[in-house]
Amino acid sequence: MSYNEMRKKIKAKHIPAVSLLYGTEAYFIQNLQALFLKHGIDDAANAVTYDLEETPIQEVIIDAETYPFFGENKLIFIHNPIFLKAKQDKLPFEHDVTMLERYLESPVDYSTIVFIAPYEKLDERKKLTKLFRKTAAVAECNPVKSEEVDRWIHGMAEQLHITVESAAIEVLLREQTSNLQMLENELTKMALYVGENGAVTKEVAEELVSHTTNSSSLRLVDAVMERKLHQAVAIYKDLEKLKEEPIALIGLLAYQFRMILRVKLLKAKGYSQGQIQKNLSVHPYVVKVALSRESQFTIPRLHKIIDNLANADAVMKQGKMEKGLAFELLLHEMVTAS
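1. A look at the nonpolar core
Thinking step 1. Among the nonpolar cores identified, the biggest contains 43 residues, and W152 and V164 are the most heavily contacted of them.
Thinking step 2. At six residues, helix α2 (residues 26-39) tops the list of elements feeding residues into this core.
Thinking step 3. With sequence-adjacent residues up to four places away left out, W152 is seen in contact with Y27, F28, V144, L180, L183, E184 and L187.
Thinking step 4. In terms of nonpolar packing, the next biggest core, distinct from the first, is built from 39 residues, I235, L266, F297 and V335 among them.

Okay, structure coming up:
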């Protein structure tokens with residue numbers, strides 16, 4: 001089942017005796033853990049956590065079959081079930097999976113067990129994986145696909161009783177891309193600002209969103225694109241106050257301009273936006289932004305800017321010039337590049 005299906009099941013207090021959460025999206029897993037703690041146990045003293053890279057599964061099963069000392073049920077989180085991976089790590093002990101198999105077939109009614117497997121995939125060939133799928137509630141907690149982030153934002157907005165305009169979503173994606181935890185934090189902040197049933201506009205998003213170094217590099221690109229040297233220097237000074245290293249900023253700028261160049265070249269070959277995104281294996285928003293900028297640059301100018309970035313990087317790393325001064329000269333060269 002999906003993360004949302006598991007979430008609804010727990011909130012309705014339809015708590016499975018055994019659950020398996022697998023995937024690499026920590027935000028989903030942490031949220032489900034919190035819901036299990038809220039709805040799946042009557043006394044927090046009966047919640048316990050095990051790591052199967054440190055504890056044999058047989059010890060965990062013994063604990064699960066031991067009646068709780070406080071309350072009527074216990075909740076057991078079990079991390080890293082390595083026996084569900086295709087390739088297991090070597091441990092100083094062995095897991096008795098036959099004991100686990102017997103438990104899955106007949107779990108006790110006073111323990112809720114939640115396995116947490118931070119793996120993108122399970123080994124579906126294994127007998128144990130098949131048994132989990134047959135007897136337990138299995139929820140996939142992998143990151144949302146890039147094309148689904150918009151829908152996720154609208155879903156979160158609905159929970160917060162607000163609406164988010166499309167232009168505001170673009171601002172959020174520019175700053176946080178698909179970091180779901182950061183996106184939730186930003187949306188929660190904006191919900192407090194606009195109030196219940198309020199609307200988050202582009203202006204509200206730009207006023208409230210927490211700026212990231214990556215988005216500041218995009219603003220630097222815009223300043224260079226518009227040949228606004230004073231604005232570019234002002235953005236750099238803001239980043240300097242945040243202790244951002246000029247060499248790191250060069251790396252971010254180089255990424256942005258290389259992306260614009262690659263997108264421009266693929267567009268010239270007749271590639272669609274979707275084909276470009278697939279070819280470059282990047283977030284669709286990255287391609288969208290590059291496409292909105294590429295017409296402002298000629299290919300020779302992009303090559304010149306990328307050369308300037310490489311030269312400035314070498315000057316800084318070789319200590320030939322003070323970094324701040326070298327970066328300001330770089331901005332001047334990029335703005336005036338023809």
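Anyway, onward from the coordinates.
2. A short note on the sheet that holds strand β1 (residues 18-22)
Thinking step 1. Taken together, the five strands give an open sheet; going across it, the order is β2-β3-β4-β1-β5, and neighbouring strands pair in parallel fashion. The open sheet terminates on both sides in strands that have one partner only, identified here as β2 (47-51) and β5 (137-140). Along the sheet, successive strands turn relative to each other by an average axial angle of 15°, direction set aside.
Thinking step 2. Bridge count for strand β3 (residues 74-79) against strand β4 (residues 111-117) is six bridges, and the pairing is parallel. Paired with I76 across the strands is I113, a residue of β4.

3. Observations regarding the pairing of β1
Looking along a regular strand, one sees side chains alternate from face to face of the sheet.
Thinking step 1. When you tally the buried positions in β1, you get five out of five residues, the bulk of the element.
Thinking step 2. Residues V18, L20 and Y22 of β1 are buried on one face, and the alternating residues S19 and L21, pointing to the opposite face, are buried as well.
Thinking step 3. Across four bridges, β1 lies against β5 in parallel orientation. From the neighbouring strand, L21 faces β5, where its bridge partner is A139.

What counts and what doesn't
- Residues numbered from 1 in each chain as written.
- Predicted model: local features only at pLDDT ≥ 70, side-chain atom pairs only at ≥ 80, totals over all residues.
- Heavy atoms only, no water.
- Core = buried A, V, L, I, M, F, W, Y, C linked by side-chain atoms within 4.5 Å.
- Buried < 20%, exposed > 50% of the residue type's maximum accessible area, 1.4 Å probe, protein only.
- Helix = DSSP H or I, 4+ residues; strand = E, 2+ residues; numbered from the N terminus.
- Contact = heavy atoms within 4.5 Å.
- Pairing = 2+ DSSP bridges.
- Axes fitted to C-alpha atoms, helices over the stretch in contact; angles between N-to-C directions.

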